[in-house]
Amino acid sequence: MKVTTAIAQILKKEGIEFLIGYPVNPIIEGAAEADIRTIMVRQERIGLHMCDAVAKVTSGDKIGVFVMQHGPGTENAFGGVAQSFGDSCPVVVLPAGYARNINQVHPNFNAALNFRHVTKLCEQVTVADATVEALRRAFTTVNNGRPGPVLVEFPTDILREEIPDALVAEYKAAPRLKSGPDPRSVSQIAEALVAAQRPIIHVGQGVHYAKAWPQLKALAELLEAPVMTTLGGKSAFPENHPLSLGSGGIGIGEHLWHFLQNADFIFGIGCSFTRSSFATAMPKGKKIAHATLDPYAINKDVPVDLAAVGDAGLTLDAVLEEVKDRLKGKTRDRLASVTREIAGHREEWLGKWKHRLTADTAPISPYRVVWDLLHTVDVKNTIITHDAGSPRDQISPFWVSETPLSYLGWGKTTQLGYGLGLAMGAKLAQPDKLCINFWGDAAIGFTGMDFETAVRERLPILSILSNNFSMAIELKVMPISTEKYRSTDISGNYADFATALGGYGERVTEPGQIKEAIKRGIRQTQEGKPALLEFITEKATDVSRFP
């Protein structure tokens, strides 16, 4: 059979239901012939962002596969793969490459050489018969260890060649393996957790990939310990739970800040503790335990006192049993005092922000949009994501996630326009959910044309756009260029734009119209049409920052 046919057969054996890409890559036709749904985007980066969401909302049970043309298509895709790598998303990337007789010749772009620093595995198939083993390596790598993208480049001449049917017939789906922590490390962490008077559990997206939400909740309740998450870990612990401190990031609640500063022990689980402008820094001088899947992350940015390496679920299972044994299965009656302290600081903080969250002014406060959205949608049946910049910092502290994987947080690398692809990919993988992206007028400038992809591919998302005709977050750092040359001014009528692309568009200018507009947008999605609601908002630069 042809190599393209072989690739499609292997994708089917790996349970791949759809192939996302941009022409021309012969693998697209091979997949279509094999009845794998092919989804074409308007630019390569969005397709990769969709693949990220497929993995995120299924805890890696489904893997997104992306294909693109050799040369410019592969060059255009670099940013998307870099985002997958920075955000630890398992994605399989299958670019076409220049034919073997010229793929090493300047200036032809060689994916196998250029993507090495943003992938877990990166190789080029140089003989047709190596197709099967290259894909076996790729899927085994993408399904195991710390999540991340893998890439296998197929020169165009190889895609036209034949390989023996028997090679493909022998292919078996890659295993999914888990490894647990050293029992001695578990004992040390459990001992420290029990001894701590003011512990905090710091949760990353590793808990999502391990589906370890029940164990996390059980451990927090047994220890009567407050829980904070990273942006990527947001929704791993129910934020309407009395022990929740919400998510970290640039924008955070005062209750999170208070407890973090006063903690005597921080237990990081399923996180990397990566130092980032978009993450809440760990206070110095605290005793820290770090349990993660990737040993490279240990002591990388934050010095730790205790550590364990292993799957977050297996680690929490083991720590929970040790803590139960040490506490004889009983709590220590600290729940009332701890939750009272959390609630007091949270309510005081919300009280300070209530005037922004309920502002009855025009242009509209973006915080009013977030608040009304939160109190209009069915939160339990919603998957929402922010975009880069102001939307991230405005929504993440105030959005109360109640169920796992209902909030797609991200932030180690912050590409504008990422949220649109995430919402589309989430809808592709979870069609029964209301999938929302919250973005700004800068972000839509990067990826807005792919709203047409949502229309064409029947992905009825709800897109919430905050339009303040400005790059507001840059106003403080670009005052001279703004004054002289209006460098931060941007504009557009994006509701009309969405309508022109075949979706539903509505512009909202008054705060009293917000909730009814949201209801109309939801009805449009229920009828199968993507909806974009454009809210004309103020140039807000205030963020819930601490200190």
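Here the residue numbering is sequential within each chain, running from 1 through the sequence in written order. Given that the model is predicted, a residue must reach a pLDDT of at least 70 before its local features are reported, and side-chain atom pairs must reach 80 or more before they are shown or counted; all residues, however, enter totals for whole chains, interfaces and linings. With hydrogens and water stripped out, all remaining heavy atoms of the structure feed into the side-chain values.

What follows is about the nonpolar core. The set of buried Ala, Val, Leu, Ile, Met, Phe, Trp, Tyr and Cys residues whose side-chain atoms join them within 4.5 Å is what this entry labels a nonpolar core. With a 1.4 Å probe rolled over the protein chains alone, any residue whose accessible area is under 20% of its type maximum counts as buried; one over 50% counts as exposed, and the rest are partly exposed. Among the nonpolar cores identified, the biggest contains 55 residues, and Ile-201, Val-207, Leu-219, Phe-267, Ile-269 and Val-323 are the most heavily contacted of them. Whether two residues are in contact is decided by their heavy atoms, any of which lying within 4.5 Å being enough. Each residue touching Leu-219, except ones within four places of it in the same chain, is listed here: Ile-201, Phe-267, Leu-316, Val-319, Leu-320 and Val-323. Residues Ala-53, Cys-89, Ala-111 and Ala-498 belong to the second largest nonpolar core, which totals 51 residues.

Any Lys or Arg side-chain nitrogen located within 4 Å of an Asp or Glu carboxyl oxygen qualifies as a salt bridge. For the coordinates displayed, the defined rule picks out 31 salt bridges. We note a salt bridge from Arg-100 to Glu-161, for which the minimum N-O separation is 2.7 Å. Placement of the pair is Arg-100 in the loop between β4 (91–97) and α5 (111–114) and Glu-161 in the loop between α7 (156–159) and α8 (165–169), with a sequence separation of 61 residues. Since its relative accessible area comes to 29%, Arg-100 is described here as partly exposed. Since its relative accessible area comes to 29%, Glu-161 is described here as partly exposed. Taking the shortest distance from any N to any O, the salt bridge between Lys-352 and Glu-348 comes out at 3.8 Å. With a gap of 4 residues between them, Lys-352 and Glu-348 both fall in helix α14 (residues 335–357), about one helical turn apart. Glu-348 gets classed as partly exposed once you look at its relative accessible area, which sits at 44%. One network of salt bridges, in which partners are shared, links Arg-37, Arg-42, Glu-452, Arg-456 and Glu-457. Secondary structure elements are defined from DSSP: runs of H or I of at least 4 residues count as helices, runs of E of at least 2 residues count as strands, and each element is numbered from the N terminus.

Pairing within the open sheet is parallel, and its 6 strands lie in the order β14-β13-β15-β16-β18-β17. Strands at the two margins of the open sheet, each flanked by one partner only, are β14 (407–408) and β17 (504–508). Note: two strands are recorded as paired if DSSP finds a minimum of 2 bridges between them. Where β17 meets strand β18 (residues 531–536), 5 bridges bridge the pair, whose relative direction is parallel. Note on β18: the bridge partner recorded for Tyr-504 is Ala-531. Against the sheet, helix α22 (residues 514–526) makes contact with β15 (434–440), β16 (462–467), β17 and β18, and its axis sits at roughly 165° relative to β18, the strand it touches most. Every axis corresponds to a line fitted to the C-alpha atoms, with the helix fit spanning only the stretch in contact, and the corresponding angles, defined between N-to-C directions, vary from 0 to 180 degrees.

Attention shifts here to the packing of aromatic side chains. Working definition: a ring pair exists when centres of Phe, Tyr or Trp rings (six-membered ring for Trp) sit within 6.5 Å. Plane angles under 30 degrees give stacked, over 60 give edge-to-face, the rest tilted. Tallied over the full model, the rule gives 8 aromatic pairs. Their ring planes at 5° and their centres at 4.9 Å tell us that Trp-349 and Phe-398 sit as a pair that is stacked. Linking Trp-349 in helix α14 with Phe-398 in the loop between α16 (390–395) and β14, this pair joins segments that are 49 residues apart in sequence. Each ring, one from Tyr-367 and one from Phe-398, has its centre 5.6 Å from the other, and the planes form 85°; the classification is edge-to-face. On the criterion of sequence distance, the pair formed by Tyr-367 in helix α15 (residues 366–374) and Phe-398 in the loop between α16 and β14 is long-range, its members being 31 residues apart. The residues Tyr-367 and Phe-398 share a single accessibility class, namely buried. Ring pairing ties together the aromatic residues Trp-349, Trp-353, Tyr-367 and Phe-398, which thus form one cluster. The rule is short: NZ of Lys or CZ of Arg within 6 Å of the ring centre and within 35 degrees of the ring normal puts a charge over the ring. When the ring centre of Tyr-407 is taken as origin, the NZ or CZ atom of Lys-234, which lies over that ring, is 5.1 Å away.

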